[in-house]
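The primary structure of each chain is shown beneath.
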Amino acid sequence: MESSLPPHHHHYLQNLQNESNGIHHHIPKKTKRSLISESDLRIEFSHHDPGIARVNNGSFGSCPASVSAAQRHWQLLYLRQPDYFYFNLLQPAILRSRTLIKDLVNADHVDEISLVDNATTAAAIVLQQTAWAFTEGRFKRGDAVVMLHYAYGAVKKSIHAYVCRAGGQVIEVPLPFPVSSNEEIVDEFRRALMRGKANGSRVRLAVIDHITSMPSVVIPVKELVKICREEGVDQVFVDAAHAIGCTDVDMKEIGADFYTSNLHKWLFCPPSVAFLYSRKTQETSPELHHPVVSHEYGNGLAIESGWIGTRDYSAQLVVPDAIEFTNRFEGGIEGIKKRNHHGVVEMGKMLASAWGTNLGTPPNMCASLIMVGLPVPLGISSDSDALKLRTHLRENFGVEVPIYYRQPKDGEVDPITGYARISYQVYNTTNDYYKLRDAVNQLVSDGFTCLLLSN
């Protein structure tokens, strides 16, 4: 079995064996290799459905063939000899992935980095700690958790499930959309903190998105964390599901207590894997536990998360291969981020011009995703309309794009109520966005409205 592995995997497995024997853990230096060609890039993503204009990398990410192959090798190593895999290979491989992420996000120590399934799991870990603080009387009933109105739906439900049941109150920060400046967000955030501190209560936790999901907006997270420190917020958790590989992620600069980001969205890992950073302090680190309790309980979150029972850990083990893939591009991951940002802004402006609409944010408030207003005649008047239109575009035009319904304000005349959230990743071409443009233009030309779609 091992003879079928690529040469670098033989060397890698030998390193893992050495590590299991107590030899000092070492991360090899980058090796110079040729940049990826256009034909090789197409091969890496040839498993994508060729009939679909896939402008929705933000939802599920994308995994190149070389990383998928590396994942399969790990799976076969487990299936070949599970006991050897468990006792000799698994934990050193997880540690290597954690170490690479630690360096990538500029954390102080590898113990601050845990690997979990996804950002939703990371949120549960942090919120579980908050709920215990209420239950055990360290937080008083009525103390607050502040979150953005546009927080991810699953995280919002987790906040209510953990915090409200334990006696806390939830304060939502209303955010304008479309948004034109960071100041609009900062002002609303300050007001929400003041509401949380009313009547002698304290804000115990602020949950801040780095990039909101729907609508997609890059939040001035460093400024909001700074405000939290000034206003005496106990802890700050940044939900950055979209961030790593999409925008700048630096733990020292951001300064949050907890920070999570999926590695399968914009860093080319297979689903599903995320990292959770927890700043190493005497007060916070010992209190975090994985919600799935297994044999490693009490040995620190990173170790607990590294074994939550028999399961497929391979997505956590291919972080080195995903990073190696990004290094095949000019400028590595930084170059990818810059080109994706330029591409999504260019395509967003093209679509807005073609449809006679506008972008939902200025370019400096987007990363590799941007919101583009859809033509008013489509008649998007509810979340249900948005979902049905998305399905219609997929099934009848071969376009995959999320659509956001924006409730109009009182007094607005002919408001734009529908926005497409387009993503841009290395595999995308301009033809993907032309296909979306032409599909929407055809619908408008044909007199289509969402009222024509069946329930």
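Sequence order as written defines residue numbering, which begins from 1 separately in each chain. In keeping with the predicted nature of the model, local features appear solely for residues at pLDDT of at least 70, side-chain atom pairs appear and are counted solely at 80 or more, and the whole-chain, interface and lining totals rest on all residues. For side-chain calculations, the full set of non-hydrogen atoms in the structure is used, while hydrogens and water are omitted.

Novice: An account of the overall build of the chain is requested, with residue identities and associated values reported.
Specialist: Regarding its fold elements, the chain presents 17 helices and twelve strands. Here the globule rule is a power law, 2.2 Å times the number of residues to the power 0.38, and the radius of gyration is based on C-alpha atoms. Radius of gyration (C-alpha) of the chain: 23 Å, near the 23 Å computed for a compact globule of 455 residues. Overall size of the chain, expressed as C-alpha extent along the three principal axes, is 70 × 60 × 40 Å. Only protein chains enter the accessibility calculation, which uses a 1.4 Å probe; a residue is then buried when its area is under 20% of its type maximum, exposed when over 50%, and partly exposed in between. Within the span of the chain, comprising 455 residues, buried residues form 57% of the whole. Nonlocal contacts in the chain, meaning residues at least 24 apart in sequence, comprise 70% of its contacts between residues at least 6 apart. As presented, the chain carries roughly 19,800 Å² of accessible surface, and 51% of it is formed by carbon and sulfur atoms. Averaging the positions of the 44 positive and the 49 negative side-chain charges in the chain gives two centres separated by 1 Å. In this description a helix means any DSSP run of H or I spanning at least four residues, a strand means any run of E spanning at least two, and both kinds are numbered starting from the N terminus. We call two residues contacting when some pair of their heavy atoms lies within 4.5 Å. Only the protein chains shown count as cover for residues, and the accessible areas themselves come from Shrake-Rupley with a 1.4 Å probe. His is not counted here, nor are the chain ends, while Lys and Arg score as positive and Asp and Glu score as negative. Charge placement uses NZ in Lys and CZ in Arg. For Asp and Glu, CG and CD serve respectively.

Novice: I'd like a rundown of the environment of His210, residues and numbers included.
Specialist: Along the chain, His210 falls in the loop between β5 (203-209) and α9 (221-230). On the basis of relative accessibility, which here comes to 4%, the residue His210 falls in the buried class. Put simply, His210 and Ala240 are 30 residues apart on the chain and 4.8 Å apart in space, counted from C-alpha to C-alpha.

Novice: Describe the pairing of strand β12 (residues 418-423), with residues and values.
Specialist: In terms of burial, β12 is a largely internal element, six of the six residues being buried. Residue alternation in β12 divides its side chains into two sets, Gly418, Ala420 and Ile422 and Tyr419, Arg421 and Ser423, and both sets are buried. Where strand β9 (residues 369-373) meets β12, five bridges bridge the pair, whose relative direction is antiparallel. From the neighbouring strand, Ile370 faces β12, where its bridge partner is Ile422. Strand pairing is assigned whenever DSSP identifies at least 2 bridges connecting the two strands. Bridge count for strand β11 (residues 403-405) against β12 is three bridges, and the pairing is antiparallel.

Novice: Describe the packing of helix α4 (residues 65-80) against helix α5 (residues 82-105), with residues and values.
Specialist: Between N-to-C directions, angles span 0 to 180 degrees; the directions come from axes that are lines fitted to C-alpha atoms, helices contributing only their stretch in contact. Between α4 and α5, the shortest axis-to-axis distance is 7 Å and the interhelical angle comes to 140 degrees. For the pair α4 and α5, the contacting residues are Trp74, Leu77, Tyr78, Leu79 and Arg80 in the first and Pro82, Phe85, Leu89 and Ala93 in the second. Note that Gly is not counted as nonpolar here; it falls among the polar residues with everything else outside the nonpolar set of Ala, Val, Leu, Ile, Met, Phe, Trp, Tyr, Cys and Pro and the charged set of Asp, Glu, Lys and Arg. By residue class, the composition of the contact of α4 with α5 is eight nonpolar, no polar and one charged.

Novice: Explain the side chain of His264 to me, and be specific about the residues and the numbers.
Specialist: Secondary-structure assignment places His264 in helix α11 (residues 263-266). Of the residues examined, His264 reaches a relative accessible area of 8% and is grouped as buried. For this analysis, a polar contact is any N or O atom pair within 3.5 Å, provided that within protein one partner can donate a hydrogen and the other can accept it, and provided that sequence-adjacent residues contribute only side-chain to side-chain pairs. Side-chain polar atoms of His264 contact the backbone nitrogen of Val273, separated by 3.1 Å. Setting aside its immediate chain neighbours within four residues, His264 contacts Phe60, Gly61, Ser62, Asp117, Asn118, Cys269, Pro270, Pro271, Ser272 and Val273.

Novice: Outline α5, supporting the account with residue identities and numerical values.
Specialist: For a helix, the expected span equals 1.5 Å multiplied by the number of residues minus one. If you check α5, its first and last C-alpha atoms are 32 Å apart, about what 24 residues at 1.5 Å a residue would give, namely 34 Å. Largest kink in α5: about 45 degrees, centred on Leu89, with the proline Pro92 one to four residues after it. The N-cap residue of α5 is Gln81: its side-chain oxygen and the backbone nitrogen of Asp83 are 3.1 Å apart. Directly after α5, the chain includes Asn106, whose backbone phi takes a positive value near 60 degrees. By definition, a residue's bend is the angle between the axes fitted to the seven residues ending there and the seven starting there.

Novice: I'd like a rundown of helix α8 (residues 182-196), residues and numbers included.
Specialist: For α8, built from 15 residues, the straight-helix expectation of 21 Å at 1.5 Å per residue is met to within 8% by its first-to-last C-alpha distance of 21 Å. Within α8, the full set of buried residues consists of Ile185, Val186, Phe189, Ala192, Leu193 and Gly196. All buried residues of α8 lie within an arc of 125 degrees about the axis, which places them on one face of the element. Summarising the geometry, the arc corresponds to the directions from the helix axis toward the C-beta atoms.

Novice: Just give me the short version of the pairing of β9, but keep the residues and values in it.
Specialist: The two faces of the sheet receive side chains in turn, since in a regular strand these alternate between them. Counting buried positions along β9 yields five of five residues, so the element is predominantly enclosed. Burial along β9 is two-sided: Leu369, Met371 and Gly373 facing one way and Ile370 and Val372 facing the other are all buried.

Novice: Describe the pattern of salt bridges, with residues and values.
Specialist: Here, a salt bridge means any side-chain nitrogen of Lys or Arg that lies within 4 Å of a carboxyl oxygen of Asp or Glu. A complete count under the given rule lists 26 salt bridges for this structure. The partner of Lys252 in a salt bridge is Asp108, with the nearest N and O atoms 3.0 Å apart. With Lys252 in helix α10 (residues 251-254) and Asp108 in the loop between α5 and β2 (113-116), this residue pair connects regions lying 144 residues apart in the sequence. With relative accessibility at 45%, the residue Lys252 sits in the partly exposed group. A residue is classified by how much of its surface remains accessible, and Asp108, at 55% relative accessible area, is exposed.

Novice: Lay out the layout of surface pockets in plain terms, naming residues and giving numbers.
Specialist: Definitions used throughout: a 1 Å grid over protein atoms alone; a cavity as a set of points that fits a 1.4 Å probe which cannot get out; a pocket as an open set with protein on both sides within 12 Å along at least five of seven lines; a lining residue as one with an atom within 4 Å of a point. Grid points are joined across faces, edges and corners, and a volume is the space filled by probe spheres set on the points. Volume-wise, the second largest pocket comes out at about 560 Å³. In terms of lining residues, the second largest pocket is bounded by 29 residues, among which Ser59, Tyr152, Ser213, Met214 and Arg421 are the most central. Elements represented by at least two residues in the lining of the second largest pocket include exactly α3 (57-60), α6 (119-135), α11, α16 (383-397) and β11. At four residues, the largest contribution of residues to the lining of the second largest pocket is made by α16. Its residues assigned to classes, the lining of the second largest pocket comprises 13 nonpolar, ten polar and six charged.

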